[in-house]
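# Architecture and fold: a report
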Amino acid sequence: MTEDGLPDDETAAERKMRFLFALRSRGVTDTRVLTAMERVDRGSFVRGLFAERAYEDMPLPIACGQTISQPSVVGLMTQALNVQTRDKVLEIGTGSGYQAAILSHLARRVYTIDRHRRLVREAQETFRDLGLVNIVAMAADGSFGLPDQAPFDRIIVTAAAEDPPGPLLAQLKIGGIMVVPVGQSDTVQHLIKVTRLETGYDYEELRPVRFVPLVEGISTE
Ligand code: SAH
């Protein structure tokens, strides 16, 4: 056993079983989502010191002071998004690229935006190494969405906003779904599922979460 009680002689297959079991026990039950998560090795998205903790159900630090989300939260958000195979998906907050990689197995095309150029560049390298050719990653302020490619079937925001950003709501197709963490502070945030109806928007509160904030403007880093 290692210090944190995890077996140190675990095989890759046992590690994967434990990873998937943790997801299921935290409510990720959609088979398509579990299959996509089984296909994406989280270890490819965590560099440096924390790489060995990639298979634990916890958020971990990545470059630029950001975090790769907890796998079960990634799973629950992906499940709430109910992605269909023909969908065009927009993600705000590329971070490590892990969430986008999972979406790439479920959707036709994924556009992902981050305000840190370095994170975008590193994620692009990882997508290339993994042969994920249906992801387009770019550096920009994601609060404005991606008007050139709008409307989107699905939008996922992986940083917390005070309110769902107006431009993103406007870039959602009718019948489309957006999942976004919303909250005024670091400590109180809720995951919200927004469905665009013909006549307006339906808001459903899913669960409390904790994300880094959505920050205005592009970073110089
Ligand atoms: N989805 C990521 C985790 C995202 S962490 C993963 O799977 O690893 C949140 C990310 O949102 C950070 O990388 C941060 O740089 C980015 N972010 C914050 N505000 C932003 C904005 N206005 N536009 C684009 N990205 C933003």
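Keep in mind that what you see is a predicted model, and the values were worked out from it rather than measured. (Residues numbered from 1 in each chain as written. Predicted model: local features only at pLDDT ≥ 70, side-chain atom pairs only at ≥ 80, totals over all residues. Heavy atoms only, no water.)

## With respect to the pairing of strand β7 (residues 172-182)
- Among the 11 residues that make up β7, 8 are buried, leaving the element largely enclosed by the rest of the structure.
- Strand direction decides the pairing type here: β7 and strand β8 (residues 189-197), joined by 6 bridges, are antiparallel. Of the residues in β8, the one forming a bridge with I177 is T195.
- As consecutive antiparallel partners, β7 and β8 are separated by 6 residues. (Buried < 20%, exposed > 50% of the residue type's maximum accessible area, 1.4 Å probe, protein only. Helix = DSSP H or I, 4+ residues; strand = E, 2+ residues; numbered from the N terminus. Pairing = 2+ DSSP bridges.)

## Points about the packing of aromatic side chains
- Overall, the coordinates contain 3 aromatic pairs when judged by the stated rule.
- An angle of 80 degrees between the planes, with centres 6.5 Å apart, marks the rings of F19 and Y55 as edge-to-face. Placement of F19 in helix α1 (residues 12-25) and of Y55 in the loop between α2 (31-39) and β1 (60-61) is noted, with a sequence separation of 36 residues between them.
- It is R15 that lies over the ring of Y55; its NZ or CZ is 4.0 Å from the centre. (Phe/Tyr/Trp six-rings, centres within 6.5 Å; stacked < 30°, edge-to-face > 60°. Lys NZ or Arg CZ within 6 Å of the ring centre and 35° of its normal.)

## Quick look at the site of the ligand
- Neighbouring residues of the ligand: 28 residues in total, closest S96, D114, D141, G142 and V215.
- A distance of 2.8 Å separates a nitrogen atom of the ligand from a polar atom in the side chain of D141.
- When the free accessible area of the ligand is taken as 590 Å², the share hidden by the protein chains comes to 99%.
- Of all the secondary structure elements, the ones that give two or more residues to the shell around the ligand are β2 (67-68), β3 (88-92), α4 (98-104) and β4 (109-114).
- Of the residues assigned to the shell around the ligand, the class counts are 11 nonpolar, 13 polar and 4 charged. (Near = heavy atom within 4 Å. Polar contact = N/O pair within 3.5 Å; in protein donor to acceptor, adjacent residues only side chain to side chain. Areas by Shrake-Rupley, 256 points an atom, 1.4 Å probe, with all protein chains shown as cover. Nonpolar A, V, L, I, M, F, W, Y, C, P; charged D, E, K, R; others polar.)

## Brief notes about the sheet that holds β3
- Taken in spatial order, the 7 strands line up as β5-β4-β3-β6-β7-β8-β9 in an open sheet, and their pairing is mixed. Two strands close off the open sheet at either side, each with one partner strand: β5 (135-139) and β9 (200-209). The sheet shows a mean angle of 15 degrees between the axes of neighbouring strands, taken without regard to direction.
- Note: β4 against β5, 5 bridges, orientation parallel. What sits directly across from V110, in β5, is I135.
- Here helix α3 (residues 71-81) sits on the sheet in contact with β3, β6 (152-157), β7, β8 and β9, set at roughly 160 degrees to β7.
- Each of β4 and β5 is contacted by helix α5 (residues 117-130), which is oriented at about 160 degrees to β5, the strand it contacts most. (Axes fitted to C-alpha atoms, helices over the stretch in contact; angles between N-to-C directions. Contact = heavy atoms within 4.5 Å.)

## A closer look at unusual backbone geometry
- With omega at 0 degrees, the peptide bond leading from A150 into P151 counts as cis.
- As for its placement among the helices and strands, P151 is situated in the loop between β5 and β6.
- Even without glycine at this site, C64 takes up a positive phi of about 60 degrees.
- Its place among the elements puts C64 in the loop between β1 and β2.
- Look at C64 and you get buried, because its relative accessible area is 12%.
- For N82, which is not glycine, the phi dihedral falls at a positive 45 degrees.
- Position of N82 relative to the elements: it lies in the loop between α3 and β3.

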